[in-house]
Amino acid sequence: MSTLIYCKNALSATPYYIEEAALNVYSLEELSYYILNNVYLLSSKLMSPELCNWVGRELKEPKLAAELQGLVQNNAPLHIFVGHILGSNGYASNKEIKDILAIIATFENKSEAERKKLRADRLMAKDKLVDAIYEYETLLADDVAKTMPKIVEGDVYHNLGCAFSRLFFFTEAMQCFDEAYKRNQKKQSLHCLLYAARCAKDKLAFDQYVSKYLVSKENVDQVLSTVSTATANENILEFDRAINELVNDDYKREGTVNAVSSVVKNWKDEYIKYCKI
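Conventions and cut-offs
- As a convention, each chain's residues are numbered from 1 in the sequence order in which they are written.
- Whole-chain, interface and lining totals are the exception, using all residues; otherwise, since this is a predicted model, local features are given only for residues with pLDDT of at least 70 and side-chain atom pairs are given and counted only at 80 or more.
- Note that water and hydrogens are dropped before the side-chain values are worked out from all heavy atoms of the structure.
- Relative accessible area decides the class of each residue, using a 1.4 Å probe on protein chains only: under 20% of the type maximum gives buried, over 50% gives exposed, and in between gives partly exposed.
- Helix and strand labels come from DSSP, where a helix needs a run of H or I of at least four residues and a strand needs a run of E of at least two; each type is numbered from the N terminus.
- As used here, the arc belongs to the directions running from the helix axis to the C-beta atoms.
- Here, two residues are considered to be in contact whenever any of their heavy atoms come within 4.5 Å of each other.
- Any Lys or Arg side-chain nitrogen found within 4 Å of a carboxyl oxygen on Asp or Glu counts as a salt bridge.
- Throughout, an axis means a line fitted to C-alpha atoms (over the contacting stretch in the case of helices), and angles, computed between N-to-C directions, take values from 0 to 180 degrees.
- Geometric relationships in this document are graded by angle, where less than 35 degrees denotes roughly parallel, more than 145 denotes roughly antiparallel, 65 to 115 denotes roughly perpendicular, and other angles denote oblique.
- Rotating anticlockwise by less than a right angle from the far helix to the near helix defines a left-handed crossing, while the corresponding clockwise rotation defines a right-handed one.
- Asp, Glu, Lys and Arg are counted as charged, while Ala, Val, Leu, Ile, Met, Phe, Trp, Tyr, Cys and Pro are counted as nonpolar; the rest, among them Gly, fall into the polar class.
- What counts as a ring pair is set by centres within 6.5 Å for rings of Phe, Tyr and Trp (its six-membered ring), and what kind of pair is set by the plane angle: stacked under 30 degrees, edge-to-face over 60, tilted for all other angles.
- Whether a charge lies above a ring is judged from NZ of Lys or CZ of Arg, which has to be within 6 Å of the ring centre and within 35 degrees of the ring normal.
- A helix is expected to span 1.5 Å multiplied by its residue count minus one.

Chemist: Lay out helix H11 (residues 203–212) with the relevant residues and their values.
Modeler: Within the span of H11, buried status applies to Ala205, Phe206, Tyr209 and Val210. Down the axis of H11, the sector holding all buried residues measures 135°, keeping them to one side. Away from its buried face by more than 90 degrees, H11 exposes Lys203, Leu204 and Ser211. In the core, the buried residues of H11 are packed alongside helix H9 (170–184), helix H10 (187–199) and helix H12 (217–231). Two residues or fewer after H11 comes Leu214, characterised by a positive phi angle close to 50°.

Listed below in structure tokens is the structure:
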């Protein structure tokens, strides 16, 4: 782990290996950190006799181990099992525990594919676009994708296309939205496909998709209007004006350079934030 974790409880000489994450943990605090930061990777596989025995034998926590073992034997819900672990060592706050258990309760009965999609969707919502792209692509390449209904698989492709679009990878976005629409037949995916082609300034692709999917003139006009409105954003127009002054007006050049540099820095910082993993 790259994060420093203060462990006030016992450290194990022999780690517990979490197979799903290819990760060794040496304490209850490290186990709690893993749970808090990988909630959508959790499954009933965590509720194993091996983990219970490790807690009792290596961490010298026989009471907790007996409690966990009892939950495993009684087929308790995953969120109850996790709650006992998080509540045993003081690493997580009461609010963190409450929030994480609420999340687990919403997905613990879902399929592995649904859990992975939820995890990727959550990363998208947090603007962790590179991580989200990795999760969506991993899900689509996994055998579990075969168990998803076509419309859900289409929605995964759609979200992947949205992530690529926000990073200005419009060619990749077009491919994703095309695959999405083939599967989910949603107007939103079709429009996003045309948005991506328009943003990529690929008129040939735009016209081909319009022809391929028999898009009505009304919908084409709607797409073109939406793109025009988006590109008429005041920040973009201000940037255009600043560039024109930079080129054409010697007297305003110094102030314009500062204005342009400020805008570019803000865009750069925002893009870097989206790319963080």
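Here the narrative resumes, following the displayed structure.
Chemist: Lay out the pattern of salt bridges with the relevant residues and their values.
Modeler: Using the criterion set out here, one finds 19 salt bridges in the structure. A salt bridge links Lys273 to Asp127; the nearest nitrogen and oxygen atoms lie 3.9 Å apart. On the criterion of sequence distance, the pair formed by Lys273 in helix H14 (residues 253–275) and Asp127 in the loop between helix H6 (112–125) and helix H7 (129–141) is long-range, its members being 146 residues apart. Residue classification places Lys273 among the partly exposed residues on the basis of a relative accessible area of 42%. Note that Lys182 and Glu179 form a salt bridge whose closest N and O atoms lie 3.4 Å from each other. Within this pair, Lys182 and its partner Glu179 are both found in helix H9, separated by three residues, close to a single helical turn. One network of salt bridges, in which partners are shared, links Lys150, Glu153, Asp178, Glu179, Lys182, Arg183 and Lys212.

Chemist: With reference to specific residues and values, describe the packing of helix H4 (residues 78–86) against helix H5 (residues 94–107).
Modeler: Any two packed helices are characterised by how steeply their axes cross, that is the angle between the axes, and by the distance between the axes. Packing of H4 against H5 brings their axes to within 9 Å, and their N-to-C directions diverge by 160°. Put simply, H4 runs roughly antiparallel to H5. Crossing of H4 over H5 shows right-handed handedness. On H5, the residues touching Leu78, His79, Val82, Gly83 and Leu86 of H4 are Ile97, Ile100, Leu101, Ile104 and Ala105. Each residue belonging to the contact of H4 with H5 can be placed in one class, and the counts come to eight nonpolar, two polar and no charged.

Chemist: Tell me about the packing of aromatic side chains, and name the residues and values.
Modeler: A full pass over the atoms with the stated rule returns five aromatic pairs. When the ring of Phe164 is compared with that of Phe169, the centres are 6.4 Å apart and the planes differ by 85°; the resulting orientation is edge-to-face. Overall, Phe164 belongs to the buried group, its relative accessible area being 11%. For Phe169, a relative accessible area of 38% corresponds to the partly exposed category. Considering the side-chain rings of Phe168 and Tyr271, the 6.1 Å spacing of their centres and the 15° angle between planes classify their relative orientation as stacked. With a gap of 103 residues between them, Phe168 in the loop between helix H8 (150–166) and H9 and Tyr271 in helix H14 connect regions that are remote in the sequence. Overall, Tyr271 belongs to the partly exposed group, its relative accessible area being 28%. Through successive ring pairs, a cluster of aromatic residues spans Phe168, Phe170 and Tyr271. Over the ring of Tyr274 we find Arg166; its NZ or CZ atom is 4.8 Å from the centre of that ring.

Chemist: Tell me about unusual backbone geometry, and please be specific about residues and values.
Modeler: Although it is not a glycine, Asn75 sits at a positive phi angle of roughly 55°. With respect to the element layout, Asn75 can be found in the loop between helix H3 (62–73) and H4. With a relative accessible area of 68%, Asn75 lands in the exposed category. A positive phi is found at Asp127, a non-glycine position, where the angle reads about 65°.

Chemist: Describe H9, naming the residues involved and giving the relevant values.
Modeler: For H9, built from 15 residues, the straight-helix expectation of 21 Å at 1.5 Å per residue is met to within 8% by its first-to-last C-alpha distance of 20 Å. Phe170, Ala173, Met174, Cys176, Phe177, Asp178, Ala180, Tyr181 and Asn184 are the residues of H9 that are buried. Where H9 is buried, its residues meet H8, H10 and H11. Phi for Gln185, located one or two positions after H9, is positive at around 50°.

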